[in-house]
Amino acid sequence: MGRIVGIDLGTTNSLVAYVDAATGRPKCIPGPYGSALCPSVVSLDADGGVIVGEPARRRLLTQPERTIYSVKRLMGRGPADVRDELKLFPFRIDAASQNVIRVRLGDKVFTPPEISAFILRELRNWAEAHFGETVDRAVITVPAYFNDAQRQATKDAGRIAGLEVLRLVNEPTAAALAYGLHEQQRGKVAVYDLGGGTFDISVLKLISTTEGDIYQVLSTNGDTHLGGDDIDNELIAREWTKRGRAALAGVLGDAERSQAVRAAVIQAKHALSVAQEAMVQVAGMGAESSVRITRAELEEIARPVVERTMKPVRQALADAQLKPEEIEEVVLVGGTTRTPLVRETVEKYFGRKPHIELNPDEVVALGAALQADILSNGTQNMLLLDVAPLSLGIETYGGAVAKIIPRNSTIPASAQELYTTGVDNQTGIEIHVVQGERELARDCRSLARFTLGVPPAPAGLPRIEVKFLIDANGILQVAAKDVRTGEERSIEVQPSYGLDDAEVERMLEESIEYAEQDFAERQLVEARTEAESILTATAKALATEAAARISGEERAAIGASVAALKESAAGTDYKLVRVRIDELNQATTHLAEVMMNSAISSALEGRNLAEV
């Protein structure tokens, strides 16, 4: 068996790390150009050869139509999800793409996992050159807020790269591991992770026990489509196009010149992390291409992005039931946290200086290496307890959602519930798996559907056990079993694309904004479902021979209650439906007694005949 490594598959840069056996400390492995940072850029040669990393990054300026960057933004997403991306990034989505995105590089097309696999394979090559032996296993980090589809896409990329992905670890959790905060036995920690294309906030509780240290994630939140790229795009738009310079006319429509401008803007942004002003200079475009930009101007542009990160921060603390002053340590992760405005904003909110001792670009990879060492039996005194970022459940009769595993549940996790049929003589039950925070299935995101066959029986008689299992990677498996017959179906949920990041944010926002409305609507759905069941049962009862024994007055009263219940069920007042259900129950009390007596009499007669 070969070596195991930790990999940070990033939007802007990717890294590979390992734990040095001699020191017990994690280290990043440098590549052939001396840096541990491998630009997450892939380029295709005219002859079909693939170039990754720094040489590919240089081709962004000379062969942009054959080169792609920030592919992490496309992982686990569909063409409709990235329509707006095309306005800001030179992604050339193949016209034949349907559920799975296919990106055109030159005259070939690739899926995002395939492109990510090129990056992973390059990192694997770095590690094998360093060790002089095979590397075949890895722990790969993902944004904490990656959904099921995005995590699955990442695992697929590892498999394509020839790596057995032992674990997907949330990036903020890996950062906490890297800082080794357990050594100081500190309690509650917030990890603020702002990278090139994603933002995460995780709240952890670090517990020191006699048997080792426990890293328990209390809550997580974020935006899988928010990062330094957004600041770059706004810089380009405002600092260049608004000036209307002749030398840059139509620059954004020219792939090669657009990449030259982007490179110059990013270089200036980095300089402004330490200086008060910088020059944005684009080679080959004349004197008109030089623009001076100050840190104050950059902060004006960056402030809306930084402010957007604070909403998930507040939500994560609310989910963990903590106040900012109760957080004992704050850790900054991701290259964009070098921006002074980010550090000032975080320090002001939490009331304490954040940890910035480790290189923010390397800290996640170092944590992944530590987790890899834990899994390879090197370190036994650490336990990682992560959480599920979004609630998972199934659609029930009437369109309501039964949440089986709530958001922020500790993973690995499993849960099961019993359900039944809503219609007589059903021969199959469709299990519709959804993800989200709303009360109705139509407002959540569909992940998968499958059908479990059941023998025909009266409504309510079958017992269907639905079991959800989320593994340590956050990948979901669903099983449904007919308890009476033993028939079982299971599926590993592998949606062709996942949640739109805007939808992830919207789900949580709307779950709060529409909580009261959702609850009322769910109550109405449940009341209508119960009313339909009672009306069906009443109609069946009135058609029996026993019903002939009740008076005409009783029958009229039942008919009036039935009509009243039907009318209320057509309305929107669930409380009124409940009242009408109770009224019908009362009106049919004597009928139920007559039917019960008739059934008992019939049973006794049958027994007497049998004895004779």
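Right above here is the structure, for reference.
Everything numeric in this text was worked out from a predicted model, so none of it was measured.

Asker: Tell me what's going on with the sheet that holds strand β24 (residues 445-453), and back it up with residues and numbers.
Answerer: With antiparallel pairing, four strands are arranged side by side in an open sheet as β20-β19-β23-β24. Each of the sheet's edge strands pairs with one partner strand only, and the pair in question is β20 (401-405) and β24. Ignoring strand direction, the axes of neighbouring strands in this sheet form an average angle of 30°. Here strand β19 (residues 392-395) pairs with strand β23 (residues 428-435) via three bridges, running antiparallel. Paired with Ile-394 across the bridge in β23 is Val-433.

Asker: How would you sum up the sheet that holds strand β5 (residues 41-44)? Please name residues and give values.
Answerer: Sheet architecture is open: three strands sit in the order β6-β5-β7, paired in antiparallel fashion. Looking at strand neighbours, the two that pair on one side only are β6 (50-52) and β7 (67-69), the edges of this open sheet. Within this sheet the neighbouring strands show an average axis-to-axis angle of 20°, counted without direction. As defined by bridge partners, β5 adjoins β6 across three bridges and the pair is classed as antiparallel. In the strand pairing of β6, Leu-44 is matched with Val-50. Strands in contact with helix α1 (residues 54-62) are β5, β6 and β7; relative to β5, the strand with the most contacts, it is inclined by about 70°.

Asker: Tell me about the side chain of Ser-219, and name the residues and values.
Answerer: Tracing the sequence through the fold places Ser-219 in strand β14 (residues 212-223). Engagement of the side chain of Ser-219 in a polar contact is seen with the backbone oxygen of Ala-316, the distance being 2.6 Å.

Asker: Break down the pattern of salt bridges for me, citing the residues and quoting the values.
Answerer: Tallying each qualifying case throughout the model produces 22 salt bridges. Taking the shortest distance from any N to any O, the salt bridge between Arg-308 and Asp-223 comes out at 3.0 Å. On the criterion of sequence distance, the pair formed by Arg-308 in helix α7 (residues 295-319) and Asp-223 in strand β14 is long-range, its members being 85 residues apart. For Arg-308, a relative accessible area of 37% corresponds to the partly exposed category. Note on Asp-223: relative accessible area 4%, which makes it buried. The shortest N-O distance in the salt bridge between Asp-319 and Arg-407 comes to 2.4 Å.

Asker: Quick one: what's the story with the pairing of strand β25 (residues 464-470), residue by residue and with numbers?
Answerer: Going residue by residue along β25, you find Ile-464, Val-466, Phe-468 and Ile-470 tucked away on one face and Glu-465, Lys-467 and Leu-469 left uncovered on the opposite face. Of the pairings in the sheet, the one linking strand β22 (residues 413-419) to β25 comprises seven bridges and is antiparallel in character. Opposite Tyr-419, over in β25, you have Ile-464 as the bridge partner. Two elements, β25 and strand β26 (residues 476-482), share seven bridges in a ladder whose sense is antiparallel. Paired with Leu-469 across the strands is Gln-477, a residue of β26.

Asker: Now, about the packing of helix α12 (residues 552-569) against helix α13 (residues 574-587): what can you tell me, with residues and values included?
Answerer: Packing of α12 against α13 leaves a shortest axis separation of 9 Å and a crossing angle of 165°. Comparing their axes, α13 and α12 come out roughly antiparallel. As α12 packs across α13, the resulting crossing turns out to be left-handed. For the pair α12 and α13, contact is made by Ala-557, Ile-558, Ser-561, Val-562, Ala-564, Leu-565, Ser-568 and Ala-569 and by Leu-576, Val-577, Arg-580, Ile-581, Glu-583, Leu-584 and Ala-587, respectively. Of the residues in the contact of α12 with α13, the class split is eleven nonpolar, two polar and two charged.

Asker: Give me α13: which residues, what numbers.
Answerer: Three- or four-residue spacings in an α-helix give side chains the same orientation, since the helix completes a turn every 3.6 residues. For α13, with 14 residues, the first-to-last C-alpha span of 20 Å sits near the 20 Å given by 1.5 Å per residue. Three or more residues of α13 are buried, namely Tyr-574, Val-577, Ile-581 and Leu-584. The buried side chains of α13 occupy one side of the element, clustering within an arc of 70° when seen end-on. Set apart from the buried face of α13 by more than 90 degrees, the exposed residues are Lys-575 and Gln-586. The backbone nitrogen of Lys-575 has a side-chain oxygen 3.0 Å away, supplied by the residue at the start of α13, namely Asp-573.

Asker: Go over unusual backbone geometry with me, naming the residues and quoting the values.
Answerer: One non-glycine residue with positive phi stands out, namely Gln-321, at about 55°. For Gln-321, the position within the fold is in the loop between α7 and β17 (329-333). We classify Gln-321 as exposed; its relative accessible area is 71%. A positive phi angle, near 60°, is found at Asn-425, a position not held by glycine. By the secondary structure assignment, Asn-425 is in the loop between β22 and β23. What makes Asn-425 exposed here is its relative accessible area of 51%.

Asker: Any details on the nonpolar core? Residues and values, ideally.
Answerer: Core analysis: the largest hydrophobic core is formed by 40 residues, its most contacted members being Val-5, Ile-7, Val-16, Ile-68, Leu-74, Leu-120 and Ile-140. Contributing elements (two or more residues each) for this core: β1 (3-8), β2 (13-19), β5, β8 (103-105), α2 (112-131), β10 (135-142), α3 (148-160) and β11 (164-170). Not counting chain neighbours up to four residues away, the residues in contact with Val-5 comprise Val-16, Ala-17, Ala-127, Phe-131, Val-135, Arg-137, Ala-138, Val-139 and Ala-372. One finds Val-265, Val-280, Ile-301 and Phe-350 within the second-largest nonpolar core, a separate group that totals 36 residues.

Asker: Residues and numbers for the pairing of β5, please.
Answerer: Both faces of β5 are covered, namely the face carrying Val-41 and Ser-43 and the face carrying Val-42 and Leu-44. Adjacent in sequence and paired antiparallel, β5 and β6 are bridged by five residues, among which Gly-48 carries a positive phi angle near 95°.

Asker: Requested: an account of the packing of α7 against helix α8 (residues 340-350), with residues and values cited.
Answerer: Contact geometry for α7 and α8: axes closest at 9 Å, N-to-C directions at 40°. Where α7 crosses over α8, the handedness of that crossing is right-handed. Facing Arg-295, Glu-299, Ala-302, Arg-303, Val-306, Met-310, Val-313, Arg-314 and Leu-317 of α7, the residues of α8 in contact are Pro-340, Leu-341, Val-342, Thr-345, Tyr-349 and Phe-350.

Conventions adopted
- Residues numbered from 1 in each chain as written.
- Predicted model: local features only at pLDDT ≥ 70, side-chain atom pairs only at ≥ 80, totals over all residues.
- Heavy atoms only, no water.
- Pairing = 2+ DSSP bridges.
- Helix = DSSP H or I, 4+ residues; strand = E, 2+ residues; numbered from the N terminus.
- Axes fitted to C-alpha atoms, helices over the stretch in contact; angles between N-to-C directions.
- Contact = heavy atoms within 4.5 Å.
- Polar contact = N/O pair within 3.5 Å; in protein donor to acceptor, adjacent residues only side chain to side chain.
- Salt bridge = Lys/Arg side-chain N within 4 Å of Asp/Glu carboxyl O.
- Buried < 20%, exposed > 50% of the residue type's maximum accessible area, 1.4 Å probe, protein only.
- Parallel < 35°, antiparallel > 145°, perpendicular 65-115°, else oblique.
- Left-handed = near helix turned anticlockwise from the far one by under 90°.
- Nonpolar A, V, L, I, M, F, W, Y, C, P; charged D, E, K, R; others polar.
- Expected span 1.5 Å × (residues − 1).
- Arc of directions from axis to C-beta.
- Core = buried A, V, L, I, M, F, W, Y, C linked by side-chain atoms within 4.5 Å.

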